[in-house]
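Now for the letters of each chain:
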Amino acid sequence: MEKKLDEQLQSFTEYLQIEKHYSVHTFEQYRHDIEEFYVFMKEQGLRSLKDVEYSDARLFLTKLHDHGLMRSSISRKVSSIRSFYRYLNREKQLLENPFSFVNLPKKEQRLPNFFYEEEIEALLQACAGNTPMDIRNRAIFELLYATGIRVSECTSIQLADVDFRLSTILVKGKGNKERYVPFGSFAHDALEQYITHSRPKLMKNETHTQLLVNHRGGALTQRGVRLILNKIIENASLTGKIHPHMLRHTFATHLLNNGADLRTVQELLGHAQLSSTQLYTHVTKDQLRKTYLAHHPRA
């Protein structure tokens, strides 16, 4: 990679961090996508970004298709590179953006996976136990299911962010946007038990204010949460895989199935666009059909 290309990429990632407040995971994804494009440029003998033309952008898109990538992955990569060019245009480092007129492939309408209520009950039973780790794990599960927050938001919660009097948590979402999310009585009891009895034992000699801690008392990571959830589903003897976002999907689906309006769910999830929340309405069509068949006189 030429020095100038490296400097341009470094400048862009700093912009994503400082001005856009993107998470480490997000700007690393941008970096990876752009570095992949740099490899393509080298293969095509393109020495600088200003040498790239619309035909090169189209060829790059074709190569991504040929590699068998999903449409969502291709869209993300093209979007990353387009944003990179747009930034360099703004900084007056480049005049053209060859990706401006590249049409992004339509994303597959994949319905989000979620747990049925009886599966949630089985998972909660798998969290049973009285050890400090058991109590912590149940608190994590109850919190994720009760609030629908992202795992990155979950692991960044501080003790002071939890308000037991109002049963709300101050959540710091994408782009450092803050929102208050309520939680119910089950999560309230699980969190209170964890903070009162479990967390002090796990903390040992640590003194930080992070809500969720690992077995050594350090801050629990996103990877740590995934391992905990995998262990819970293993204990519940459920088939399939679990990932933290499934609890987020389940939270939204169960709310909509039980009559919550779309705007409220959008606010709780922290979605900037209503279209992101509307995906869950497809999941609830089965519930709508059951309700119709049960209650319409001529069904």
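The sections below set out a description of the structure shown in this document. No experiment lies behind these values; they were computed from the predicted model shown. (Residues numbered from 1 in each chain as written. Predicted model: local features only at pLDDT ≥ 70, side-chain atom pairs only at ≥ 80, totals over all residues. Heavy atoms only, no water.)

Some points on the overall build of the protein chain
Here is step 1: Helices and strands together make up the secondary structure of the protein chain, namely 13 helices and three strands.
Here is step 2: The principal-axis extent of the C-alpha atoms belonging to the protein chain is close to 65 × 65 × 35 Å.
Here is step 3: Taken as two groups, the 41 positive and 34 negative side-chain charges of the protein chain have centres that lie 2 Å from each other. (Helix = DSSP H or I, 4+ residues; strand = E, 2+ residues; numbered from the N terminus. Lys, Arg positive; Asp, Glu negative; His and termini not counted. Charge placed at Lys NZ, Arg CZ, Asp CG, Glu CD.)

Brief notes about the sheet that holds strand E1 (residues 162–163)
Here is step 1: With antiparallel pairing, three strands are arranged side by side in an open sheet as E1-E2-E3. In the strand order of this sheet, the two ends are held by E1 and strand E3 (178–182), each with one partner. (Pairing = 2+ DSSP bridges.)

Details of the environment of Ser156
Here is step 1: By the element assignment, Ser156 lies in the loop between helix H7 (151–155) and E1.
Here is step 2: A relative accessible area of 29% means that Ser156 is categorised as partly exposed.
Here is step 3: Sequence-wise, Ser156 and Phe101 are 55 residues apart; in three dimensions their C-alpha atoms are separated by 39 Å.
Here is step 4: Setting aside anything within four residues of it in sequence, one finds Ser156 in contact with Asp161, Lys172 and Gln210.
Here is step 5: In terms of polar contacts, Ser156 uses its side chain to reach the backbone carbonyl oxygen of Glu153, at 3.0 Å. (Buried < 20%, exposed > 50% of the residue type's maximum accessible area, 1.4 Å probe, protein only. Contact = heavy atoms within 4.5 Å. Polar contact = N/O pair within 3.5 Å; in protein donor to acceptor, adjacent residues only side chain to side chain.)

Concerning unusual backbone geometry
Here is step 1: Of note in this structure, Lys92 is not a glycine but carries a positive phi near 65°.
Here is step 2: Structurally, Lys92 is set in the loop between helix H4 (71–90) and helix H5 (117–126).
Here is step 3: Residue class for Lys92 comes out exposed when judged on its relative accessible area of 71%.
Here is step 4: For Ser167, which is not glycine, the phi torsion reads 55° and is therefore positive.
Here is step 5: Note on placement: Ser167 falls in the loop between E1 and strand E2 (168–172).
Here is step 6: With a relative accessible area of 18%, Ser167 lands in the buried category.

Things to note about the state of the cysteines
The term disulfide refers to a covalent linkage connecting the sulfur atoms of a pair of cysteines.
Here is step 1: Applying the stated rule across the entire model yields zero disulfides.
Here is step 2: Cys127 carries a free sulfur, and the closest cysteine sulfur to it, the one in Cys154, is 13 Å from it.
Here is step 3: On the basis of relative accessible area, Cys127 is assigned to the buried category, the value being 4%. (Disulfide = S-S within 2.5 Å.)

Topic: the packing of helix H6 (residues 132–147) against helix H9 (residues 222–236)
If you want to describe how two helices pack, look at the angle between their axes and the distance between the axes.
Here is step 1: At a closest axis distance of 11 Å, the pairing of H6 and H9 adopts a crossing angle of 95°. As judged from the angle between their axes, H6 and H9 are roughly perpendicular. When H6 is examined against H9, the residues Arg136, Asn137, Ile140, Phe141 and Leu144 are found in contact with a partner set consisting of Val225, Ile228, Leu229 and Ile232.
Here is step 2: When grouped by side-chain class, the residues that make up the contact of H6 with H9 number seven nonpolar, one polar and one charged. (Axes fitted to C-alpha atoms, helices over the stretch in contact; angles between N-to-C directions. Parallel < 35°, antiparallel > 145°, perpendicular 65-115°, else oblique. Nonpolar A, V, L, I, M, F, W, Y, C, P; charged D, E, K, R; others polar.)

With respect to the pairing of E3
Here is step 1: Residues of E3 alternate between two faces, with Arg179 and Val181 buried on one and Glu178, Tyr180 and Pro182 left unburied on the opposite face.
Here is step 2: Direction of pairing for E2 relative to E3: antiparallel, over a ladder of five bridges. Opposite Val171, over in E3, you have Arg179 as the bridge partner.
Here is step 3: Here E2 hands over to E3 after five residues, with Gly175 in that stretch at a positive phi of 65°.

Thoughts on H4
Here is step 1: Between its terminal C-alpha atoms H4 stretches 28 Å, which fits the 28 Å expected from 20 residues at 1.5 Å a residue.
Here is step 2: Within H4, the full set of buried residues consists of Ile74, Ser75, Lys77, Val78, Ser80, Ile81, Arg82, Ser83, Phe84, Tyr85, Tyr87 and Leu88.
Here is step 3: Following H4 by one or two positions, Lys92 has its phi on the positive side, about 65°. (Expected span 1.5 Å × (residues − 1).)

Let's talk about the pattern of salt bridges
Opposite charge on two side chains permits pairing when their charged atoms draw close.
Here is step 1: This model, assessed by the stated rule, comprises eleven salt bridges.
Here is step 2: Note that Glu19 and Arg90 form a salt bridge whose closest N and O atoms lie 3.7 Å from each other. Of this pair, Glu19 sits in the loop between helix H1 (3–18) and helix H2 (24–43) while Arg90 sits in helix H4, placing them 71 residues apart in sequence.
Here is step 3: When its relative accessible area of 42% is taken as the criterion, Arg90 is described as partly exposed.
Here is step 4: Measuring nitrogen to oxygen at the nearest pair gives 2.5 Å for the salt bridge that ties Glu153 to Arg150.
Here is step 5: Residue class for Arg150 comes out buried when judged on its relative accessible area of 10%.
Here is step 6: Overlapping salt bridges bring together Asp33, Glu36, Arg76 and Lys77 as one network. (Salt bridge = Lys/Arg side-chain N within 4 Å of Asp/Glu carboxyl O.)

Bear in mind that shape data such as this cannot, by itself, settle questions of function.
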